[in-house]
Amino acid sequence: MQVKKISEHIWCLKTWMIIPIHVWVVKDGEGITLVDAGMPMMTNRIIQFMERLNAGPLLRILLTHGHSDHVGAVKGILKKYKVPVYAHQIEIPYMEGEVVYPKRKKLETNLPKTLTNPLLEDGLGNLKKIGGLTPYFTPGHSPGHVAYYHEQDQVLLAGDLFTSKKGKLKQPMPAFTADMKQAVASASIISQLKPKRLEVCHGNTVFQPSDQLEEYMKIMERMLEGQ
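Bear in mind the structure is a predicted one, so any value in this text is a computation, not a measurement.

Applying the stated criterion to the full structure yields 3 aromatic pairs. Between Tyr 94 and Tyr 101, the aromatic rings sit 5.3 Å apart at their centres with planes inclined by 25 degrees, giving stacked as the arrangement. Comparing Tyr 94 with Tyr 101 shows no difference in burial state: the two are buried. Residues Phe 162 and Tyr 216 carry aromatic rings whose centres are separated by 5.2 Å and whose planes lie at 65 degrees to one another, so their mutual orientation is edge-to-face. Highlighted residues: Phe 162 in the loop between strand E10 (155-157) and strand E11 (163-165) and Tyr 216 in helix H7 (residues 210-225), separated in sequence by 54 residues. Here Phe 162 and Tyr 216 have matching classes, each one buried. If you follow Lys 80 out to its NZ or CZ, it ends over the ring of Tyr 81, 5.9 Å from the centre.

Here it is in structure tokens:
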């Protein structure tokens, strides 16, 4: 597993299973937040890195969504660290096997029932900041997909909202995306936040992604019209 420091407070941990899979370790003044949990084979390396980092205890695990390649190390990590796990409330029934994910044929119990907590919302329905990260609801790839923005470092941890290739924004993987039209609409979060750096689970870093957004939206709109 490769480890790379991508900003003052964030490290990226990467492995390969045909395609790259990334998770992120974020430190703040109190300890560590893990964003996404990759595959089960990543469990020990994630734990070893967090211990080696010596930035305080693991405080929580935040999930962009509940697909199996994003939650795989959760149960193993929780054997060592008794910390809360969070996802969007819309996502939880899908990942706990109560509702079938769109475009899938059967239920997926990717995490046990009652293990995952819903991200907290304010009175206006906005997701509350947690562990130095602000969650933004970005549905489409999955019904309850969330991206996490680190305002201080100006880094957006975008999960599967996009893929990328050679620093260019690319669409999320069609075979695993519930609603591509909705996912494209959610891409507008880039114009709202204007992050300096965008990180995705499957792909490499995209710098200044807002500079690419107009072209990306045009390409995706043409593709959707042709379907």
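All right, on to the sheet that holds strand E1 (residues 2-5) then. The strand order across the open sheet built from 7 strands is E1-E2-E3-E4-E5-E6-E7, with neighbouring strands paired in mixed fashion. Looking at which strands have only one partner, the edges of the open sheet turn out to be E1 and strand E7 (116-118). For this sheet, the mean angle separating the axes of adjacent strands, direction not counted, is 30 degrees. By the bridge criterion, 2 bridges tie strand E5 (residues 58-62) to strand E6 (residues 85-87) in an arrangement that is parallel. Bridging across to E6, Ile 61 finds its partner in Val 85.

Cut-offs applied
Residues numbered from 1 in each chain as written. Predicted model: local features only at pLDDT ≥ 70, side-chain atom pairs only at ≥ 80, totals over all residues. Heavy atoms only, no water. Phe/Tyr/Trp six-rings, centres within 6.5 Å; stacked < 30°, edge-to-face > 60°. Buried < 20%, exposed > 50% of the residue type's maximum accessible area, 1.4 Å probe, protein only. Helix = DSSP H or I, 4+ residues; strand = E, 2+ residues; numbered from the N terminus. Lys NZ or Arg CZ within 6 Å of the ring centre and 35° of its normal. Pairing = 2+ DSSP bridges. Axes fitted to C-alpha atoms, helices over the stretch in contact; angles between N-to-C directions.

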